[in-house]
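Fold and contact review
Read off the chains here:
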Amino acid sequence: MRVGFIQFNPVFGDHAVNLETMKRLVSSVEADLIVLPELATTGYAFTSKEELSRIAEPFESSPSLDVLQAVAQERDCALVTGFGEIDGDRLFNSSALLTPDGDRKLYRKIHLFGAENLFFSPGDIPFAAHTFRDVKLGMMICFDWFFPESMRTLALKGAQIICHPVNFVLPWGPKAMTVRSLENHVFSITANRYGTEAR
Ligand code: ACM
């Protein structure tokens, strides 16, 4: 399996611009699997729950995920992207695995970092491994790296590649991910965003 990651500078609150950027960048890469950053569709630095509620999208009927799923179909590759999810009155910092056959899998970040706790609910879906092209893929999001149980659970469930959208804050994340991957005998793909969001 050929894999890749795309790092870019999401524009806060502007789904259209972020989707255009992602479409353009994904179209320049030949891969079976591409990982995009945490909250790639919305940006990261929310200031209120109301603001997040306005721009978060439901997993099953997310216009942003529809656009990216069409890109996955066109490019015949799987995409893993972070997105802001709304489910009833709950908000989640989520990631989606979008495959070219139209299938969609969800992970909701379990270990929220800092101010994320003001806006998001902690994930309520167990870590899981999903088969794509005979490879088992797991998803975790950014600060999940801090807790060894996250990747361990994915590895014990059979995941071979860990897809890890991030908006890193702590500087030890990249090194820790190397060690976590060695400990668990898995590969991992961490996609960070770059740039700053001053709000
Ligand atoms: C983080 O979990 N985005 C620091």
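Before going into details, it helps to say that this report is about the structure given with it. The structure displayed is predicted, hence computed values, not measured ones. (Residues numbered from 1 in each chain as written. Predicted model: local features only at pLDDT ≥ 70, side-chain atom pairs only at ≥ 80, totals over all residues. Heavy atoms only, no water.)

1. Examining the nonpolar core
The biggest cluster of nonpolar side chains holds 30 residues, and the ones touching the most others in it are Leu33, Leu137, Met140 and Cys163. Listed by contribution, the elements that provide at least two residues to this core are strand 2 (33-35), strand 3 (78-87), strand 7 (135-139), helix 5 (148-156), strand 8 (161-166), helix 6 (173-184) and strand 9 (187-192). For this core, the element with the most residues is strand 8, which contributes four residues. Residues contacting Leu137, with those up to four places away along its chain left out, are Leu33, Leu97, Ala128, Ala129, His130, Phe132, Ala159, Ile161 and Cys163. Residues Met22, Leu36, Ala40 and Cys77 belong to the second largest nonpolar core, which totals 20 residues. (Core = buried A, V, L, I, M, F, W, Y, C linked by side-chain atoms within 4.5 Å. Buried < 20%, exposed > 50% of the residue type's maximum accessible area, 1.4 Å probe, protein only. Helix = DSSP H or I, 4+ residues; strand = E, 2+ residues; numbered from the N terminus. Contact = heavy atoms within 4.5 Å.)

2. Quick notes on unusual backbone geometry
At Leu39, a residue that is not glycine, the phi angle is positive and equals roughly 50°. Of note, Leu39 is situated in the loop between strand 2 and helix 2 (49-55).

3. What about the packing of aromatic side chains?
When we look at a pair of aromatic rings, we describe it by the centre distance and by the angle of the planes. Overall, the coordinates contain ten aromatic pairs when judged by the stated rule. Each ring, one from Phe143 and one from Trp145, has its centre 6.4 Å from the other, and the planes form 85°; the classification is edge-to-face. On the basis of relative accessibility, which here comes to 13%, the residue Phe143 falls in the buried class. On the basis of relative accessibility, which here comes to 5%, the residue Trp145 falls in the buried class. A connected cluster of aromatic rings, assembled from ring pairs, spans Phe113, Phe143, Trp145, Phe146 and Phe147. Over the ring of Phe92 we find Arg108, and its NZ or CZ is 3.9 Å from the ring centre. (Phe/Tyr/Trp six-rings, centres within 6.5 Å; stacked < 30°, edge-to-face > 60°. Lys NZ or Arg CZ within 6 Å of the ring centre and 35° of its normal.)

4. Points about the sheet that holds strand 3
Within a sheet, neighbouring strands are paired by backbone hydrogen bonds and run either parallel or antiparallel to one another. Taken in spatial order, the five strands of this open sheet run 1-2-3-4-5, and their pairing is mixed. Since the sheet does not close on itself, it has two edges, and those belong to strand 1 (3-5) and strand 5 (104-108), each with one partner. Ignoring which end each strand starts from, the neighbouring axes of this sheet average 30° apart. For strand 2 and strand 3, the ladder comprises three bridges, and the chain directions are parallel. Across the sheet, residue Leu33 finds its bridge partner in strand 3, namely Ala78. Along the sheet, helix 3 (residues 63-75) makes contact with strand 3, strand 4 (90-98) and strand 5, crossing strand 3 at roughly 170°. (Pairing = 2+ DSSP bridges. Axes fitted to C-alpha atoms, helices over the stretch in contact; angles between N-to-C directions.)

So far we have only geometry, and geometry alone does not tell us how the molecule works.
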